[in-house]
Amino acid sequence: PFSLPTLSGDAFFADPFANTEAIGAAWKLSTSAKGDGSKFDGVWAIEANSATPEDLGLVVKSKAKHHAISSKLPKPVDFSALHSEQKPFIVQYEVKYQDSMECGGSYLKLVAASEEEFTPEEFNDKSTYSIMFGPDKCGLDSKLHFIINFKNPVNGEVEEKHAKASSSIKEIFSDGKSHLVTLVLDYDGSFEMLVDQSTVNSGNILENMTPSINPPSEIDDPSDSKPEDWDDKEKIPDPMASKPDDWDEEAPKFIADEAAVMPDDWLENEPEVIPDPAAAQPEDWDTEEDGEWEAPTIENPKCASGNCGPWTRPQIPNPAFKGKWAPPMIENPNYSGVWAPRKIANPGFFEDKTPFANLMPITAVGLELWTMTKDIMFDNIILTDSRSTADDWAAASWNKKALKEQMAGSGEGALQDFLVYAKENPWVWVAIVAAIIFPFGLYLTCFRGNGEVDEVGEVKKTDKPTPDDEDMPGLEGDEDEEAEAEAEEEEVKEVEEEEEEEEEEEKPVKRRTRKAD
């Protein structure tokens, strides 16, 4: 039976969308507008997952619309404190494209805390985020975003830093299944990006972000400009060269092959189409009303190899063709080299060896999207500082859901999907083996038992005496019962002896009778 996931540890934020009241309560719609004035008029809804009707999720309902919704954290995520405690930061959620994705985003924006308190109703595309993470696709281009907005401690400017490209994830946009996306950002700056618990990208924010977290120590002087007499042409046309007298610029590139002759089977006077000889004028054709009847045309069978009509010589390259004349290129005696502005010290330079500690605090989780595809479902969003807590959350939610979706198909395709899934997630086999062995072990324990239980059961069923019975003291009435039993045995013996004597007496009589005969 379905059950909501529960936290096995602490989390900054965790929402399994337990009921349909989330919109307007924990999650609030933006009433703001985009920078270009466009309204956030896309519709959101809480709906059931098709794989598990009891499982609800947050769904984008509108196509070709702007959507914005957010939920404020109970308290901000402080990266400085996480760094001091040597703890990671993990963001994880499920996304399901119920319709094949055409173009649009499905990423989370983790809104940065600022001096002004965050108001969900004012959340828009201009709201500064600390981290943006999640899938994005348009046409043939698909990616898994990991972007940091890093604040320059010298001049206060905020600049986007993009992670290197990840492995291809294009299959998640069209298979109609729930997918788990995870970002693990460790306190030392290393990061790992996973899809369905498989790594698709990894690196370090100090080395693998573009542009670099730390800016260059020198920059181009913006006031410098190239001198007017600077000649950056490495080669120039030879001024001493002239066109030869025999250079014919008008000569064509191709000419007719004068050596070619018309093939013997070429039919110059044969038409490519002829009247259909099998056609006949309809009986109800009225020449006065319908005009003169003409048979429909068909391709001439004599021209099946394309050998009918006027013959022309094939074209061949013109050996006299030279094209438009141009003087040859020579080294430029005045070449000044490649010009570049002079370098100056970068006024915004800084060197941060622990950028994780200086990431902007997070105050809210937001979804600000434009999409050409509707019915994108989000579920089981969690922000935590524990990898095991995130894994346990997934085990109680996505793992079960993914297995059910893999088994929901039919035929060999479903089996193949399951085998692929099980190969990528070995825990499935552990669960299957446990499901088989546990009931069998329970049966052996409760119903079969061990040798001692069987012996006792046998004694109870047959009233077989046990060694303990011989040592038990006599009870009142036992002596009388024994005397009665002995008397019965004596009577039985006497009866048996009398019967034997009678049999012995009859035997000789029978023998004498046969002799008399």
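Residues numbered from 1 in each chain as written. Predicted model: local features only at pLDDT ≥ 70, side-chain atom pairs only at ≥ 80, totals over all residues. Heavy atoms only, no water.

Focus on the pattern of salt bridges
Which entries qualify depends on this criterion: The working definition used for a salt bridge is a side-chain nitrogen of Lys or Arg within 4 Å of a carboxyl oxygen of Asp or Glu. Under the DSSP-based scheme used, a helix requires at least four consecutive residues in state H or I and a strand at least two consecutive residues in state E, with every element numbered from the N terminus.
This model, assessed by the stated rule, comprises 26 salt bridges. The residue glutamate 192 makes a salt bridge to arginine 387 at a minimum N-O spacing of 3.6 Å. Of this pair, glutamate 192 sits in strand β13 (residues 190–195) while arginine 387 sits in helix α3 (residues 387–395), placing them 195 residues apart in sequence.

Considering the nonpolar core
The line we're drawing: Take the buried Ala, Val, Leu, Ile, Met, Phe, Trp, Tyr and Cys residues and link them wherever side-chain atoms come within 4.5 Å; each set so joined is a nonpolar core. Only protein chains enter the area calculation, which uses a 1.4 Å probe; residues under 20% of their type maximum are buried, those over 50% are exposed, and those in between are partly exposed. Between two residues, a contact is recorded if the distance between any of their heavy atoms is within 4.5 Å.
Counting residues in hydrophobic clusters, the biggest one holds 58 residues, and the most contacted among them are Trp27, Phe89, Phe133, Phe146, Phe378 and Leu383. Each residue touching phenylalanine 133, except ones within four places of it in the same chain, is listed here: Val91, Tyr93, Tyr107, Leu108, Leu144, His145, Phe146, Val181, Thr182, Leu183 and Met193. Ranked by size, the runner-up nonpolar core spans 6 residues in total, among them Phe40, Val111, Phe118 and Ala364.

Some thoughts on helix α4 (residues 398–407)
Defined as follows: Taken from the helix axis, the directions to the C-beta atoms give the arc we talk about.
All of the buried residues in α4 are Trp398, Asn399, Lys401, Ala402, Glu405 and Gln406. Across the axial projection of α4, the buried residues extend over an arc of 165 degrees, all falling on one side.

As for a negative patch on the surface
Selection rule: What goes into a patch is any residue over 30% in relative accessible area without a salt bridge, connected to like charges within 9 Å or, for nonpolar side chains (Val, Leu, Ile, Met, Phe, Trp, Tyr), within 5 Å. Here the open area of atoms and residues is found with the Shrake-Rupley method and a 1.4 Å probe, where only the protein chains shown may cover a residue. By the counting rule applied here, Lys and Arg register as positive and Asp and Glu as negative, while His and the ends of each chain are not counted. Positions of charges follow a simple convention, taking NZ of Lys, CZ of Arg, CG of Asp or CD of Glu.
A surface patch of negative charge is lined by Glu283, Asp284, Asp286, Glu288, Glu289 and Asp290. Checked against the element boundaries, glutamate 283 lands in the loop between β19 (273–275) and α2 (287–290). Overall, the relative accessible area of 84% leaves glutamate 283 in the exposed class.

What to know about the confidence of the model for the protein chain
Heads up, the rule is: As a per-residue measure, pLDDT tells how confident the predictor is, with possible values from 0 to 100.
Looking at the protein chain, the pLDDT average stands at 86 and 80% of residues meet or exceed 70. A low-confidence stretch, residues 506–517 stays under pLDDT 50, and its non-local contacts, those more than four residues away or across chains, total 0 contacts.

Let's talk about the side chain of threonine 52
Of note, threonine 52 is situated in the loop between β3 (44–48) and β4 (56–60). Among residues more than four places away in sequence, those in contact with threonine 52 are Phe2 and Lys404.

Section: the side chain of aspartate 379
Put simply, the rule is: For this analysis, a polar contact is any N or O atom pair within 3.5 Å, provided that within protein one partner can donate a hydrogen and the other can accept it, and provided that sequence-adjacent residues contribute only side-chain to side-chain pairs.
Position of aspartate 379 relative to the elements: it lies in strand β25 (residues 376–384). Here the side chain of aspartate 379 touches lysine 401 through a polar contact of 3.1 Å, side chain to side chain. With sequence-adjacent residues up to four places away left out, aspartate 379 is seen in contact with Pro16, Phe17, Asp55, Leu56, Gly57, Tyr93, Glu94 and Lys401.

With respect to a nonpolar patch on the surface
Taken together, the side chains of Ile432, Ile436 and Ile437 present a nonpolar region at the surface, about 280 Å² in accessible area. Mapped onto the fold, isoleucine 437 is located in helix α6 (residues 427–448).

Regarding the environment of asparagine 201
Following the sequence through the fold, asparagine 201 ends up in strand β14 (residues 198–204). You can call asparagine 201 buried: its relative accessible area is 5%. What asparagine 201 contacts, discounting residues up to four positions off in sequence, is Lys164, Ala165, Ser166, Phe191, Glu192 and Met193. Within the structure, the side chain of asparagine 201 is placed 2.8 Å from the backbone oxygen of lysine 164, a separation counted as a polar contact.

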